[in-house]
Amino acid sequence: MSQPRFDVLCIGNAIVDVIADADDSFLSEQGLDKGAMRLIDEAEAVRLYGAMGPGREISGGSAGNTAAGVAALGLAAAFVGQVAADQLGTIYKHDIEAQGIAFLVKPRNDVGATARSLILVTPDAQRTMNTFLGAAQMLECSAIDPAAIADAAILYLEGYLWDPEVPRAAMEAAMAAARDAGRKIAFTLSDTFCVDRHRDGFWTLLRDGRIDILFANEAEALAMVGTDDIDQAIAALAGVTPMLVVTRSEKGAIAVGAGERAAVTAEPIERLVDTTGAGDLFAAGFLAGQARGLGLEASLKLGAIAAAEVIQHYGARPERDLRALAADIL
């Protein structure tokens with residue numbers, strides 16, 4: 001097999017995060033459940049934006065954050081996601097390319113407005129996310145280049161994008177191209193609401209052998225299996241996927257695969273600021289380790305390092321030098 005151009009190619013929602021501080025009373029006034037994620041329409045996005053305090057505009061989206069983490073660790077990353085030919089789309093494309101990530105989809109004029117997530121961060125670092133998907137859910141099969149997919153060692157897909165029918169078809173086309181090229185396919189469950197909506201479909205992907213690496217946090221793993229016992233959930237999921245990674249916040253993470261089981265503790269931090277992107281950056285570190293041929297424990301350690309960095313500042317993209325932080329492993 002030829003040496004791939006990209007270590008990891010990520011496909012997901014191209015979303016600009018607008019992050020603002022808020023207190024519990026503001027959430028209550030707006031009828032928002034703290035820590036939850038909800039989908040909103042463009043009118044609600046405009047209304048809530050007007051009610052929020054000053055915001056910071058930072059390119060985000062789950063798979064985009066993972067691509068940024070992979071690039072920050074010194075690996076070759078690519079991103080596939082749809083933006084509109086508008087101001088936020090220009091911001092998103094610039095931010096991706098400025099980090100050395102190949103942006104493989106052209107902005108379009110016929111897909112509505114670029115997606116944005118209005119993220120309210122309370123003093124306890126909990127984030128309440130209000131997401132307008134806009135152009136992101138208009139990613140079509142025509143945007144998938146089989147040659148580019150074949151030129152990536154690992155294809156990484158986010159469960160958030162599985163929800164709308166149009167991008168789901170695009171993701172399935174990408175999975176078929178990766179499988180035809182003999183490349184690995186990684187998939188993240190993304191959120192318990194994704195699991196609740198698509199549990200049967202996700203189980204079908206796993207049982208059909210279409211996923212090589214599955215990422216889930218503890219709540220998602222429990223929801224997939226329908227149990228309150230994390231060991232039972234891990235055993236069930238590990239039985240249907242070659243490699244399983246389960247993150248457990250401050251309790252660390254566990255990986256099972258290739259006849260091996262490994263676990264790491266969470267990395268120490270100075271101050272918890274914003275948990276946005278923690279799982280995305282953990283996935284970046286783990287995938288970077290796998291792309292470099294490292295074992296489960298070293299890959300988990302890279303994930304923990306990347307996640308610890310991103311939760312100590314606002315935004316879901318790394319700000320410190322991840323390669324320096326992970327130098328002992330890489």
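Residues numbered from 1 in each chain as written. Predicted model: local features only at pLDDT ≥ 70, side-chain atom pairs only at ≥ 80, totals over all residues. Heavy atoms only, no water.

*Asks:* Can you break down the nonpolar core residue by residue, with the values?
*Replies:* Among the nonpolar cores identified, the biggest contains 53 residues, and Leu-9, Ile-11, Ile-149, Leu-155 and Phe-187 are the most heavily contacted of them. Ignoring anything within four residues of it in the chain, the contact list for Leu-9 reads Ala-78, Val-80, Leu-104, Ala-148, Ile-149, Ala-152, Ile-154, Leu-155 and Tyr-156. (Core = buried A, V, L, I, M, F, W, Y, C linked by side-chain atoms within 4.5 Å. Buried < 20%, exposed > 50% of the residue type's maximum accessible area, 1.4 Å probe, protein only. Contact = heavy atoms within 4.5 Å.)

*Asks:* Provide a residue-level description of helix α2 (residues 42-51), including the pertinent values.
*Replies:* Looking at α2, one finds that the buried residues are Glu-44, Ala-45 and Leu-48. Along the axis of α2, the buried positions cluster into a sector of 105 degrees, meaning they face one direction only. More than 90 degrees from the buried face of α2, the exposed residues found are Ala-43, Val-46 and Gly-50. Residues of α2 that are buried sit in contact with α1 (24-29), β3 (37-39), β7 (115-121) and β8 (127-132). (Helix = DSSP H or I, 4+ residues; strand = E, 2+ residues; numbered from the N terminus. Arc of directions from axis to C-beta.)

*Asks:* I'd like to hear about the packing of aromatic side chains, residue by residue, with values.
*Replies:* With the rule as written, the count across this model stands at nine aromatic pairs. Look at Tyr-160 and Phe-193: their rings are 6.1 Å apart centre to centre, the planes differ by 35 degrees, and that puts the pair in the tilted class. Taken together, the residues Tyr-160 in the loop between β9 (152-158) and α6 (165-180) and Phe-193 in helix α7 (residues 192-207) connect sequence positions 33 residues apart. (Phe/Tyr/Trp six-rings, centres within 6.5 Å; stacked < 30°, edge-to-face > 60°.)

*Asks:* Which residues make up the UniProt feature "domain: Carbohydrate kinase PfkB" (unreviewed entry) in the protein chain, and what values go with them?
*Replies:* Under the feature "domain: Carbohydrate kinase PfkB" (unreviewed entry), the UniProt entry names residues 57-317. Within residues 57-317, the helical portion is 41% and the strand portion 21%, while the C-alpha atoms at the span's ends are 12 Å from each other. (UniProt positions renumbered as here; feature names shortened; annotations may be inferred.)

*Asks:* Give a detailed account of the state of the cysteines, specifying residues and quantitative values.
*Replies:* In total, this model carries zero disulfides according to the counting rule given. In this structure Cys-10 is not part of a disulfide, and its nearest cysteine sulfur, from Cys-194, lies 16 Å away. Look at Cys-10 and you get buried, because its relative accessible area is 0%. (Disulfide = S-S within 2.5 Å.)

*Asks:* Could you give me a rundown of the packing of helix α10 (residues 278-291) against helix α11 (residues 296-310), with the residues and numbers involved?
*Replies:* The interhelical angle for the contact between α10 and α11, taken along N-to-C directions, is 145 degrees, at an axis separation of 7 Å. With respect to the hand of their crossing, α10 and α11 are arranged in right-handed fashion. Contacts between α10 and α11 involve Ala-278, Leu-281, Phe-282, Gly-285, Phe-286, Ala-288, Gly-289 and Gln-290 from the former and Leu-296, Ser-299, Leu-300, Leu-302, Gly-303, Ala-304, Ala-306, Ala-307 and Val-310 from the latter. Each residue belonging to the contact of α10 with α11 can be placed in one class, and the counts come to twelve nonpolar, five polar and no charged. (Axes fitted to C-alpha atoms, helices over the stretch in contact; angles between N-to-C directions. Left-handed = near helix turned anticlockwise from the far one by under 90°. Nonpolar A, V, L, I, M, F, W, Y, C, P; charged D, E, K, R; others polar.)

*Asks:* Before we move on, can you summarise unusual backbone geometry with the specific residues and values?
*Replies:* One non-glycine residue with positive phi stands out, namely Ala-125, at about 75 degrees. Assignment of secondary structure puts Ala-125 in the loop between β7 and β8. Residue class for Ala-125 comes out buried when judged on its relative accessible area of 1%.

*Asks:* Provide a residue-level description of the pattern of salt bridges, including the pertinent values.
*Replies:* Any two side chains of opposite charge can pair, so long as their charged atoms come close to each other. Enumeration over the complete set of coordinates arrives at 15 salt bridges. For Arg-179, the salt bridge is made with Asp-212, and the minimal N-O distance between the two is 3.3 Å. Placement of the pair is Arg-179 in helix α6 and Asp-212 in the loop between α7 and β11 (213-217), with a sequence separation of 33 residues. Residue class for Asp-212 comes out buried when judged on its relative accessible area of 16%. (Salt bridge = Lys/Arg side-chain N within 4 Å of Asp/Glu carboxyl O.)

*Asks:* Describe the pairing of strand β1 (residues 6-11), listing the residues and the values that go with them.
*Replies:* In terms of burial, β1 is a largely internal element, six of the six residues being buried. Both β1 and β9 contribute to a ladder of five bridges, which runs parallel. Its bridge partner lying in β9, Ile-11 is registered against Leu-157. In the sheet, β1 pairs with strand β5 (residues 77-80) via four bridges, with the strands oriented parallel. Each residue of the ladder has a partner; that of Cys-10, found in β5, is Phe-79. (Pairing = 2+ DSSP bridges.)

*Asks:* Which residues make up the sheet that holds β11, and what are the values?
*Replies:* On the basis of which strands lie adjacent, the open sheet formed by nine strands has the order β6-β5-β1-β9-β10-β11-β12-β13-β14 and mixed pairing. The two strands at the open ends of the sheet, each matched to only one other strand, are β6 (102-103) and β14 (260-264). Across the sheet, helix α3 (residues 62-72) is in contact with β1, β5 and β9; its angle to β5 comes to roughly 165 degrees.

*Asks:* Go over α11, please, and point to the residues and values.
*Replies:* Count 3.6 residues to each turn of an α-helix, and residues three or four apart come out pointing the same way. A rise of 1.5 Å per residue sets the reference length of α11, with its 15 residues, at 21 Å; its end C-alpha atoms lie 21 Å apart and thus fit the reference within 8%. Counting buried positions over the 15 residues of α11 gives twelve, a clear majority of the element. (Expected span 1.5 Å × (residues − 1).)

*Asks:* Any details on the side chain of Arg-317? Residues and values, ideally.
*Replies:* With respect to the element layout, Arg-317 can be found in the loop between α11 and α12 (322-325). Put simply, Arg-317 is tucked away with no salt bridge, and the nearest opposite charge, on Asp-95, sits 5.6 Å away. Only 3.3 Å separates the side chain of Arg-317 from the backbone oxygen of Ser-59, close enough to count as a polar contact. Among all residues touching Arg-317, those that are not within four sequence positions of it are Ile-58, Ser-59, Gly-60, Gly-64, Asn-65, Ala-68, Tyr-92, Ile-96, Gln-99 and Val-310. (Lys, Arg positive; Asp, Glu negative; His and termini not counted. Polar contact = N/O pair within 3.5 Å; in protein donor to acceptor, adjacent residues only side chain to side chain.)

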